[in-house]
Amino acid sequence: MSRKDLSRRDYETLRHYDRMMRNKKRNCFGVPGSCRRCPYYQKDWKYRRCTFTTCIYGKDVKIFRDKPLKHDRFAKTR
């Protein structure tokens, strides 16, 4: 798609979304105060607390649980 195929308004909208995608942020609210407030915290996983193996915010926290949960919480199948 070239610039000639778009109207001016469509081109400006496309440029707006292009700038938004290139200007990505990890978390708009900054570093969370605790792991429970982090968007990557997984309370229902049996062996881990986080989606990542190391904290992306640079905190020195344990990702793996000392004691695993009794059950993994998955959707029940019929």
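To be clear, the structure that these remarks concern was listed above.
Before going into details, it helps to say that this report is about the structure given with it. Nothing here was measured: the structure is a model prediction, and the numbers come from that model.

**A closer look at the side chain of arginine 65**
- Relative to the elements of secondary structure, arginine 65 occurs in the segment after helix 1 (8–22).
- One buried charged residue, arginine 65, forms no salt bridge at all, with the nearest opposite charge on aspartate 44 at 7.0 Å.
- There is a polar contact of 3.2 Å between the side chain of arginine 65 and the backbone oxygen of glutamine 42.
- Within the local environment of arginine 65, its side chain forms a polar contact with the backbone oxygen of tryptophan 45, the two atoms lying 3.0 Å apart.
- When neighbours within four sequence positions are excluded, arginine 65 is seen to be in contact with Gln42, Lys43, Trp45, Lys46, Tyr47, Arg48 and Arg49.

**A closer look at the state of the cysteines**
- One pass over the structure, following the stated rule, counts zero disulfides.
- The cysteine cysteine 35 is free of any disulfide, with cysteine 55 supplying the nearest cysteine sulfur at 6.1 Å.
- With no disulfide of its own, cysteine 38 has cysteine 50 as its nearest cysteine by sulfur position, at a separation of 5.6 Å.
- For cysteine 38, a relative accessible area of 14% corresponds to the buried category.

Conventions adopted
- Here the residue numbering is sequential within each chain, running from 1 through the sequence in written order.
- Only residues with pLDDT of 70 or above have their local features reported here, since the model is predicted, and side-chain atom pairs are shown and tallied only from 80 upward, although totals for entire chains, interfaces and linings are computed over all residues.
- With hydrogens and water stripped out, all remaining heavy atoms of the structure feed into the side-chain values.
- Strands are runs of DSSP state E lasting at least 2 residues, helices are runs of H or I lasting at least 4, and numbering of each runs from the N terminus.
- Summary of the burial criterion: residues with accessible area below 20% of their type's maximum are buried, those above 50% are exposed, and those between are partly exposed, where the area comes from a 1.4 Å probe applied to protein chains only.
- As used throughout, the charge tally considers Lys and Arg to be positive and Asp and Glu to be negative, leaving His and the chain termini uncounted.
- Salt bridge, as used here: a side-chain nitrogen of Lys or Arg that lies within 4 Å of a carboxyl oxygen of Asp or Glu.
- Polar contact is the term for a pair of N or O atoms within 3.5 Å; when the atoms are in protein, one must be able to donate a hydrogen and the other to accept it, and sequence-neighboring residues count only if both atoms are side-chain atoms.
- Here, residues are in contact when the closest pair of their heavy atoms is within 4.5 Å.
- Here, the term disulfide refers to a pair of cysteine sulfur atoms separated by no more than 2.5 Å.

By themselves, these observations are geometric and do not establish any function.
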